[in-house]
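# A structural walkthrough
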Amino acid sequence: MTVSQSETYRIADLGQSLLNRKIHLRGWVRTRRGSKGFSFIQLNDGSNLSGLQIIADEKLENYEEISKLSTGAALEVWGTLVESQGRGQDFELQSEQILIRGTAPGEEYPLQKKGHTLEFLRDIAHLRPRTNTLGAVFRIRNTLSQAIHRFFQDRGFLYVHTPIITANDAEGAGEMFHVTSLDLEQLPKTKAGKVDYDQDFFGTDVSLTVSGQLGAEVFALAFTNVYTFGPTFRAENSNTARHLAEFWMIEPEMAFMDLQGMLVLTEEFLRELLKECLDRHEEDLAFLQKMYDQELISGLKHICDTPFETLTYTEAVKILENSGKSFEFPVEWGCDLQSEHERYLSEVHLGGPLNLIDYPKDIKAFYMKQNPDGKTVAAMDVLFPRLGEIVGGSQREDDGESLLHLMREKGLPEETYQWYLELRRFGTAPHSGFGLGLERLVQFVTGMKNIRDVIPFPSSSPAPVATMKKN
Ligand code: 4AD
Ligand code: MG
C-alpha cells in the first residue's frame, strides 16, 4: 500500500489491531522537541486528551520545515503505527510523510507549553478549545448531551422544540431579554405614552425564553412524556460562578406523574448521566482530578452509590437554624435559600445528594401545585455537594381555579396565559417536570469552579458573542 492510500483515523480510535499498519492522521502540534536526527511531535486531534507521538526522521524531504514547527501548527501525517519505545504511551507513529497545512509562529501563538490560567484562556476563547482542560470539558459535555437524549429516548419520551422567542414569561420573574425590531432611538408611543408594540414585528412585546416548560406542558398533555433541550436566557442580575445569561436547559414533562414519581425519575436520570461519564472518560476525569479537584472521581462515584435523601423546606430551615453557623444570609422560614445554605445541607449536613421539596409558595413560580397546607407548593430542588442546586422542578397546578388564584396573587398578566389556563379546562391531568441546567451538570462532572469554563464561548470573550457590561 502506498502512503497516499493509508486510511484516515482519529487518534482515540487507534489500537492494537492497527499495529504496523500504515495510517493517516490529522491534527495540531502540542509540542515538538528535537533530538539528534529526529523530531518528536505530540499531535492532538481533539478526540482524546493524550494525542499521539509522531517520530519525524531527518530523512523526510521537508525536515528543515518540520524541525522548526512549534505549538499550534496544523499537520497531516502518514506513517506506520508502532509500539512506543518511550514511557507514557503504548503507540507512536513512525512518519513517512508530513504535510504542513498551517504554521503557528511560536513567538505570536498565545498558547504555550506552560500552563495558562483559566481567566487568561477566557480572553482567547477562539483558541482555548485546543487546551487539555477545555478539551476534556467539551468531550464530557458532548457525552452528557448524547446520554441525556438516550435516557429519554429509551423511555419513549418525545423530544419537543419549544420556541426561543416568546410572549410568555415562563417563570413569572421578569428576568427576560426583550426582542424587538423597533428603532430603540425612536420608539413609537401610544397616546398613553407607552411603547406602541402594534408597530413591532410581532405586534406585541416578546422576549427570549427563560424556560421551555410551558410549551412542554402542552405537549405532555398530548404525548404523555416529553422533553425539551435547548438554549434559555436570563437577564438575572447575578454574575456568579454558577449563573449564565445564556445557558442550555433540559426540561422533561410527564403527564400522570406526581412529585414522588418525579423524585424517582430524577435520581435515576442524574445517576445514569454520571455513570456514563465515569465509564467513558477515565482519562479526561483523571486529568481534571489532578489539575482541579483531588476528590473529583470519588465525589462522582459517591453520588452514583448514594440514595438521594429527601427533606422538606421546613425541615431544612430547622436544620440550618440549629446548625450554629453564621451564614452571610440569615435563615428564617419563608426566605429563599442561598447557595451557602444549599451547600451546607448537601455537603456538611448530609454529605450527599439531596431532594428539597415543599417550598413556601411565595418564593416559587406561579405554576407549582399548591399543597393542602395553603402555604407550600409541591416543588423539588436537587442539591449536590460542591454545587448546590442542579435541578429545579415541581408538580404543576392542574386545577384551573387554584392556578388563576395564585396568578392573581402574584400579579401576573392573565391575558398572555389564557391558553395555559385553558389546558386546565380541557383534559387536565396531574403532571410534573423539572429543569436541569446543562452547564451546572458539566461543572459538577468536570470539577470546574467557574461556569464560564464549561460553555463554548463565555460572554466576556471578544468573539463571537456579545460582551457583558460588567464581568
Ligand atoms: O430552577 P429553574 O429556574 O427552573 C425552571 O426554569 C423550571 N421551568 C424548570 C422546570 O420545571 N421545567 O431552572 C432550572 C435549572 C436550575 O436548577 C439550574 O440548574 C439551571 O436551570 N439554571 C441556570 N444555569 C445557569 N445559569 C443560570 N442563570 C441558570 N438559571 C437556572
Ligand atoms: Mg431553581
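Nothing here was measured: the structure is a model prediction, and the numbers come from that model.

Taken together, 24 residues form the shell around ligand 1, and within it Glu171, Gln213, Glu236, Glu251 and Glu389 come nearest. In the environment of ligand 1, a nitrogen atom lies 2.9 Å from a nitrogen or oxygen atom belonging to the backbone of Leu244. Within the side chain of Glu251, an N or O atom sits 2.7 Å from a nitrogen atom of ligand 1. When isolated, ligand 1 has an accessible area of 630 Å², and the protein chains bury 93% of it. Placement of ligand 1 is best described as lying within the largest pocket. Per-element accounting of the shell around ligand 1 gives the leading share, five residues, to strand β16 (residues 388-395). Here the residues of the shell around ligand 1 sort into eight nonpolar, eight polar and eight charged.

The volume enclosed by the largest pocket comes to roughly 1300 Å³. Surrounding the largest pocket, 50 residues form its lining, Arg234, Glu236, His243, Lys364 and Glu389 being those nearest its centre. Sort the elements by how many residues they give to the lining of the largest pocket and β16 lands first, with six residues. Taken together, the residues of the lining of the largest pocket break down into 19 nonpolar, 14 polar and 17 charged. Space inside the second largest pocket adds up to approximately 1000 Å³. What lines the second largest pocket is a set of 45 residues, and nearest its centre among them are Arg30, Asn44, Leu49, Thr131 and Asn132.

Our next topic: the pattern of salt bridges. By the definition in use, this model includes 25 salt bridges. Close ionic contact of Arg122 with Asp453 constitutes a salt bridge, the shortest N to O distance being 2.9 Å. Note that Arg122 is positioned in helix α2 (residues 118-122) and Asp453 in the segment after α12 (438-446), a separation of 331 residues in sequence. An identical accessibility class is assigned to Arg122 and Asp453; each is buried. Several salt bridges share partner residues, and in doing so they unite Arg122, Arg128 and Asp453 into one network.

Here we take up the confidence of the model for the protein. Mean pLDDT over the protein: 94, with 97% of residues reaching 70 or higher. Across residues 467-471, confidence stays below pLDDT 50; counting only partners more than four residues off in sequence or on other chains, it has ten contacts.

Another aspect to go through is the side chain of Asp381. Structurally, the position occupied by Asp381 is in strand β15 (residues 376-384). Residue classification places Asp381 among the buried residues on the basis of a relative accessible area of 5%. Separated by 3.4 Å, the side chains of Asp381 and Lys364 make a polar contact. Each residue touching Asp381, except ones within four places of it in the same chain, is listed here: Leu354, Asn355, Leu356, Tyr359, Lys364, Glu389, Val391, Gly392 and Gly393.

Within the largest apolar cluster, 64 residues are counted, with the highest numbers of intra-cluster contacts made by Phe269 and Leu436. Apart from the residues lying within four places of it in its own chain, the contact partners of Phe269 are Ile148, Phe151, Phe152, Ile250, Phe434 and Leu436. The next biggest cluster of nonpolar side chains, apart from the first, holds 33 residues, and it includes Tyr359, Met368, Leu403 and Leu412.

Definitions and cut-offs
- Numbers given for residues are sequential positions, taken from 1 along each chain in its written order.
- Chain A is the first chain written and ligand 1 is the first ligand written, with later ones labelled in order.
- The predicted nature of this model means local features are confined to residues of pLDDT at least 70 and side-chain atom pairs, given and counted, to a pLDDT of 80 or more, with totals for whole chains, interfaces and linings taken over all residues.
- Hydrogens are left out, water is left out, and the side-chain values use all remaining heavy atoms of the structure.
- Being near a molecule or strand, for a residue, comes down to having at least one heavy atom within 4 Å of it.
- By the criterion applied in these results, polar contacts are pairs of N or O atoms within 3.5 Å in which, for protein atoms, one can donate a hydrogen and the other can accept it, and in which residues neighboring in sequence qualify only through two side-chain atoms.
- All accessible areas in this document rest on Shrake-Rupley with a 1.4 Å probe, and a residue is counted as covered only by the protein chains that are shown.
- Whether a set of points on the 1 Å grid over the protein atoms alone is a cavity depends on a 1.4 Å probe fitting there but being unable to get out, while an open set qualifies as a pocket with protein on both sides within 12 Å along at least five of seven lines; lining residues are those with an atom within 4 Å of a point.
- By definition, a pocket or cavity contains a molecule when more than half of the molecule's atoms lie within 2 Å of the pocket's grid points.
- Secondary structure follows DSSP: runs of H or I at least 4 residues long count as helices, runs of E at least 2 residues long count as strands, and numbering of each begins at the N terminus.
- Gly is placed with the polar residues, together with every amino acid not listed as nonpolar (Ala, Val, Leu, Ile, Met, Phe, Trp, Tyr, Cys and Pro) or charged (Asp, Glu, Lys and Arg).
- Grid points are joined across faces, edges and corners, and a volume is the space filled by probe spheres set on the points.
- Salt bridges are defined as contacts in which a side-chain nitrogen from Lys or Arg sits within 4 Å of a carboxyl oxygen from Asp or Glu.
- A 1.4 Å probe rolled over the protein chains alone gives each residue an accessible area, and that area as a share of the maximum for its type sets the label: buried under 20%, exposed over 50%, partly exposed in between.
- pLDDT gives the predictor's per-residue confidence on a scale running from 0 to 100.
- Contact between two residues is taken to exist if any of their heavy atoms lie within 4.5 Å; hydrogens are not considered.
- Take the buried Ala, Val, Leu, Ile, Met, Phe, Trp, Tyr and Cys residues and link them wherever side-chain atoms come within 4.5 Å; each set so joined is a nonpolar core.

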